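This is what each chain is made of:
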Amino acid sequence: MNKIAASMILAAGLGGCTQDPGFVGVAGVREATAAEVGACAYISDIRMKPGVYGALADQGVKYARNKIMADARDGGANTVVFDPVTPGSDIYELHAVAYRC
C-alpha cells in the first residue's frame, strides 16, 4: 500500500510541473531584437538566474527564459528583448526588457 501511495504522490507532483511555463513555454509573448521595439511601450526589466549549471545548463537557461517571458506576460507585456549572449559562454544571469507592442 505504501508503494501505491508514494507512486500517486510522485505522479501528482510531476503532473503539477507540466503546467509550469518554464517547462511548457509561454503563448502570446514573442522575442524580438532591440531594433524591433522602437515604437513599443516599456513595461519592465526582468532578471533571473538559471537554476542549474553544468550538464543541465542548457535546460536551465531555457527554463529561465520561459519564466522571464511568463513574468513579462503577467506584467502586461507581449514582447521581450533578451540581452545578447556570447555563444559558448557560461550564463549565470539572464536579463530581458519587456515591452507592450
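J.: Looking at this model, I keep getting lost on the state of the cysteines. Mind explaining?
T.: Among covalent bonds in proteins, the disulfide is the one between the sulfur atoms of two cysteines. The tally for this structure, following the rule as stated, stands at 1 disulfide. Two residues share a disulfide in this structure: Cys40 and Cys101, whose sulfurs sit 1.9 Å from each other. Across the S-S bond of Cys40 and Cys101 the torsion is about 110°, and the bridge reads as right-handed. Here the residue Cys40 occupies a position in the loop between strand E1 (30-31) and strand E2 (41-48), and Cys101 occupies one in the segment after strand E4 (94-100), the gap between them amounting to 61 residues. What makes Cys101 partly exposed here is its relative accessible area of 43%.

J.: Whenever I open this one, helix H3 (residues 57-74) confuses me. Can you help?
T.: For an α-helix, the turn length of 3.6 residues means that residues three or four places apart are oriented alike. When the terminal C-alpha atoms of H3 are compared, their 26 Å separation across 18 residues agrees well with the 26 Å that a helix rising 1.5 Å per residue should span. Every buried residue belonging to H3 is among Gly60, Val61, Ala64, Asn66, Ile68, Met69, Ala70 and Ala72, and all of these are buried. Phi turns positive, to about 100°, at Gly76, one or two residues after H3.

J.: Looking at this model, I keep getting lost on the sheet that holds strand E3 (residues 79-82). Mind explaining?
T.: Paired through backbone hydrogen bonds, the strands of a sheet run either parallel or antiparallel to each other. The strand order across the open sheet formed by 4 strands is E1-E3-E4-E2, and the pairing between neighbours is mixed. With partners counted over all chains shown, the strands left at the sheet margins are E1 and E2, one partner each. With 4 bridges connecting them, E3 and E4 associate as antiparallel partners. Residue Thr79 lies in a different strand from E4, and its bridge partner there is Tyr99. Along the sheet, H3 contacts E1, E2, E3 and E4; its crossing angle with E2, the most-contacted strand, is approximately 145°.

J.: For this particular structure, what's the right way to read the confidence of the model for the chain?
T.: In low-pLDDT segments, the atomic positions of the prediction should not be examined closely. For the chain, per-residue confidence averages 83 on the pLDDT scale, and 76% of positions sit at 70 or higher. Across residues 1-12 the pLDDT falls below 50, and counting only partners more than four positions away or on other chains, this stretch makes 0 contacts in the model.

J.: So what exactly am I meant to see when it comes to the nonpolar core here?
T.: One broad trend across soluble globular proteins is that nonpolar side chains are buried collectively. Counting 16 residues, the largest nonpolar core has Ile68, Met69, Ala72, Val80, Phe82 and Leu94 as the members making the most contacts within it. At the level of elements, H3, E3 and E4 are the ones that each hand at least two residues to this core. A per-element tally of this core places H3 first, with 6 residues. Ignoring any residue separated from it by four or fewer positions in sequence, one finds Met69 in contact with Val26, Val29, Arg30, Glu31, Val80 and Phe82.

Reading guide: rules and limits
Along each chain, the written sequence defines residue order, and numbers are assigned to residues from 1. Given that this is a predicted model, residues contribute local features only at a pLDDT of at least 70 and side-chain atom pairs are listed and counted only at 80 or more, while totals for whole chains, interfaces and linings are drawn from all residues. Only hydrogens and water are removed before side-chain values are computed, so all heavy atoms of the structure are retained for them. A pair of cysteine sulfur atoms is labelled a disulfide when the two atoms are within 2.5 Å. Helix and strand definitions follow DSSP, with helices as H or I runs of at least four residues and strands as E runs of at least two, each counted in order from the N terminus. The classification of residues rests on relative accessible area computed with a 1.4 Å probe and restricted to protein chains. Under 20% of the type maximum is buried, over 50% is exposed, and intermediate values are partly exposed. Take the number of residues in a helix, subtract one, and multiply by 1.5 Å to get its expected span. For two strands to pair, DSSP has to find at least two bridges joining them. Working rule for contacts: check all heavy atoms of both residues, and any pair within 4.5 Å makes them a contact. Axis definition: a line fitted to C-alpha atoms, over the contacting stretch in the case of helices. Angles run 0 to 180 degrees between N-to-C directions. The quantity known as pLDDT measures the predictor's confidence residue by residue, on a range of 0 to 100. Think of a nonpolar core as a cluster: buried Ala, Val, Leu, Ile, Met, Phe, Trp, Tyr and Cys residues, connected wherever their side-chain atoms sit within 4.5 Å.

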